[in-house]
Amino acid sequence: MTTKSNSSVLGGKASSSPLLSSPTRQRLVTKDGHCALRPPLCPTGSWRGASSRAWLMALQDLWGLLVGLRWRWVLLAFCASFLAHWLLFACLWYLLAHLNGDLAVQDHDAPPQGHVVCVKHITSFTAAFSFSLETQLTIGYGTMFPSGDCPSAIALLAVQMLLGLMLEAFITGAFVAKIARPQKRAGAIQFSPQVVVGQHQGQTCLMLRATNLLQRPLVDVKVSAVLYEEHEGQALHQTSLDFHLDHLGQQPCPFFIFPLTFYHPLDRRSPLYPALCEGISNHFELVVFLSALQEGTGDTCQKRTSYLRQEIQFDRRFVPALGLDARGRYMVSTQHFDTAHSKEPLDKDCVVQINGDGTDRME
């Protein structure tokens, strides 16, 4: 009802004014899509048990743990696992030579009568490690080899080869899975740092923009959102929101190569209507999910972000994302996340939050 409210909105201040009486809240989801929740606090004295349980659960999902590690730790795990495997069987080969008495034989080419050398020329731990390495990598220099008359050597050789093949398959699969992770492709998707409320085709809408930074297109793009709203007792209620693209309705966008603007109508059926248009001052966080398929592989990738109340701009719109050059070719604007004043005024029922009192209306 006051012009001061309108000027505050148009200047982008009303949308960024937090509730003065409410303490600051930490995000549930960061702007780059990571979960910001902390693990539950353990009582003093029980942290060791909780830590051991956490490690046990992590080991039960060893594949997911390895694929989710940074590359530096994956390479370290790769080197450490093979070194540990070679050292383990070097100890076993050395133990076999010791128990069989091969270490006391001076000349393995001419052993004492009645003595069977299990592995030729294993006379030290260094030689045992070299034989373990040659066996695992099937190098076969020809100097050291197991005797067919020593069943223990043949059994140990079979065990080493079986475990080595399983280790190689696991590590190779982890490398391939980590390289082909769709999360890396999702890193080329960016959301607008703020969402805007403005008029679209005669209707008040909440609008966000997403862009694909790579020239490789994505297909079957869908955008959905979950509204986490704090009710009495600091309980978070979850409500789903639908976003549509132009006249596609709920159908996915078949092609994603340039910035797209997604719309959510702010009518009375919208879960955001009480917070944005009726002055309800509950804390909320809007978590947005974008899912798409990679054109070449068909793998699904997902990108997510979140928006708080102060990251909503009223009476704004996104600037055009595409332009034409002198030759009539389409070009993506470098300022596709910028906003401008809405050409049409907001619906007069929309309430502008000024310091959380929710009493000023735009008319």
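Here, residues in each chain are numbered from 1, in the same order as that chain's written sequence. Residues qualify for local features only when their pLDDT is at least 70, as the model is predicted, and side-chain atom pairs are given and counted only at 80 or more; totals for whole chains, interfaces and linings, by contrast, use all residues. Note that water and hydrogens are dropped before the side-chain values are worked out from all heavy atoms of the structure.

Enquirer: Describe in detail the state of the cysteines, supporting the description with residues and values.
Expert: Two cysteine sulfurs form what is called a disulfide whenever their separation falls within 2.5 Å. In total, this model carries one disulfide according to the counting rule given. With its sulfur 2.0 Å from that of its partner, Cys-118 forms a disulfide with Cys-150. Disulfide Cys-118 to Cys-150: torsion about the S-S bond roughly 60°, handedness right-handed. Remark: Cys-150 occurs in the loop between α5 (125–137) and α6 (151–179) and Cys-118 occurs in the loop between α4 (71–100) and α5; sequence separation between them is 32 residues. For each residue, the accessible area found with a 1.4 Å probe, counting protein chains only, is set against the maximum for its type, and the residue is called buried under 20%, exposed over 50%, and partly exposed in between. Cys-118 gets classed as buried once you look at its relative accessible area, which sits at 2%. The helix count covers DSSP runs of H or I at least four residues long, the strand count covers runs of E at least two residues long, and both are numbered beginning at the N terminus.

Enquirer: Give a detailed account of a nonpolar patch on the surface, specifying residues and quantitative values.
Expert: Patch membership requires over 30% relative accessible area and the absence of a salt bridge. Like charges are linked within 9 Å, and nonpolar side chains (Val, Leu, Ile, Met, Phe, Trp, Tyr) within 5 Å. Per-residue accessibility takes into account occlusion by the displayed protein chains alone, with areas from the Shrake-Rupley method and a 1.4 Å probe. Salt bridge, as used here, is a side-chain nitrogen of Lys or Arg placed within 4 Å of a carboxyl oxygen of Asp or Glu. Taken together, the side chains of Phe-255, Ile-257, Phe-258, Leu-322, Leu-324, Tyr-330 and Val-332 define a hydrophobic patch exposed on the protein surface, amounting to about 660 Å² of accessible area. For the nonpolar patch, the secondary-structure elements that each account for two or more residues are β11 (322–324) and β12 (330–332). Tracing the chain through its elements places Tyr-330 in strand β12.

Enquirer: Now, about the sheet that holds strand β5 (residues 236–242): what can you tell me, with residues and values included?
Expert: Strand order in this open sheet of four strands is β5-β4-β7-β8, and the pairing throughout is antiparallel. Either end of the sheet is taken by a strand with one partner, and the two such strands are β5 and β8 (300–308). Here the average twist between neighbouring strands, direction ignored, is 20°. Here strand β4 (residues 218–230) pairs with β5 via seven bridges, running antiparallel. Counted as the bridge partner of Leu-227 is Thr-239 from β5. DSSP calls a pair of strands paired once it identifies at least 2 bridges connecting them. Interaxial angles span 0 to 180 degrees and are taken between N-to-C directions of axes, which are lines fitted to C-alpha atoms, for helices over the stretch in contact.

Enquirer: Give a description of the environment of Val-288 that names residues and reports values.
Expert: Looking at where Val-288 falls in the secondary structure, it is placed in strand β7 (residues 284–294). Separated by 16 residues in sequence, Val-288 and Arg-304 have C-alpha atoms that sit 5.4 Å apart. Excluding residues within four positions of it along the chain, Val-288 makes contact with Phe-191, Leu-208, Val-223, Ser-224, Ala-225, Lys-303, Arg-304, Thr-305 and Tyr-307. We call two residues contacting when some pair of their heavy atoms lies within 4.5 Å.

Enquirer: Please set out the packing of α4 against α6 residue by residue, giving values where relevant.
Expert: It is at 11 Å that the axes of α4 and α6 come closest, and there the two elements cross at 180°. Judged by the inter-axis angle, α4 sits roughly antiparallel to α6. Looking at the contact of α4 with α6 residue by residue, the class counts come to 18 nonpolar, five polar and two charged. If an angle is under 35 degrees, it is roughly parallel; if it is over 145, roughly antiparallel; if it lies from 65 to 115, roughly perpendicular; otherwise it is oblique. In this classification, Asp, Glu, Lys and Arg are treated as charged, Ala, Val, Leu, Ile, Met, Phe, Trp, Tyr, Cys and Pro as nonpolar, and every other residue, Gly included, as polar.

Enquirer: Account for the side chain of His-108, naming residues and giving values.
Expert: Relative to the assigned elements, His-108 resides in the loop between α4 and α5. Identification of polar contacts relies on pairs of N or O atoms within 3.5 Å, with a donor-acceptor requirement for protein atoms, meaning one able to donate a hydrogen and the other able to accept it, and with residues adjacent in sequence counted only if both atoms are side-chain atoms. Of the polar contacts made by the side chain of His-108, one reaches the backbone oxygen of Asp-102; its length is 2.9 Å. Here the side chain of His-108 touches His-121 through a polar contact of 2.7 Å, landing on its backbone nitrogen. Residue contacts for His-108: discarding those within four places in its chain leaves Asp-102, Val-117, Val-119, Lys-120, His-121, Ile-122 and Thr-123.

Enquirer: Kindly report on the packing of α4 against α5, identifying the contributing residues and their values.
Expert: The N-to-C vectors of α4 and α5 enclose an angle of 125°; their axes lie 8 Å apart at closest approach. One finds that α4 runs oblique with respect to α5. Between α4 and α5 lies a crossing of right-handed hand. Residues His-85, Trp-86, Leu-87, Phe-89, Ala-90, Cys-91, Trp-93 and Tyr-94 of α4 pack against Phe-125, Ala-128, Phe-129, Phe-131, Ser-132, Leu-133, Gln-136 and Leu-137 of α5. Of the residues in the contact of α4 with α5, the class split is 13 nonpolar, three polar and no charged. By convention, the crossing between two helices is left-handed when the near helix turns anticlockwise from the far helix through less than a right angle, and right-handed when the turn is clockwise.

Enquirer: An account of the confidence of the model for the protein chain is requested, with residue identities and associated values reported.
Expert: This prediction gives the protein chain a mean pLDDT of 78; 81% of its residues lie at or above 70. Across the protein chain, element-level confidence peaks in α4 with a mean pLDDT of 92 and bottoms out in helix α1 (residues 3–10) with 35. Low pLDDT (under 50) marks residues 1–21, which in the prediction has 31 contacts with non-local residues, meaning those over four places away or in another chain. Per residue, pLDDT measures the predictor's confidence, with a range of 0 to 100. Note that residues 351–363 has pLDDT below 50 and, in this model, 43 contacts with residues that lie over four places away or in other chains.

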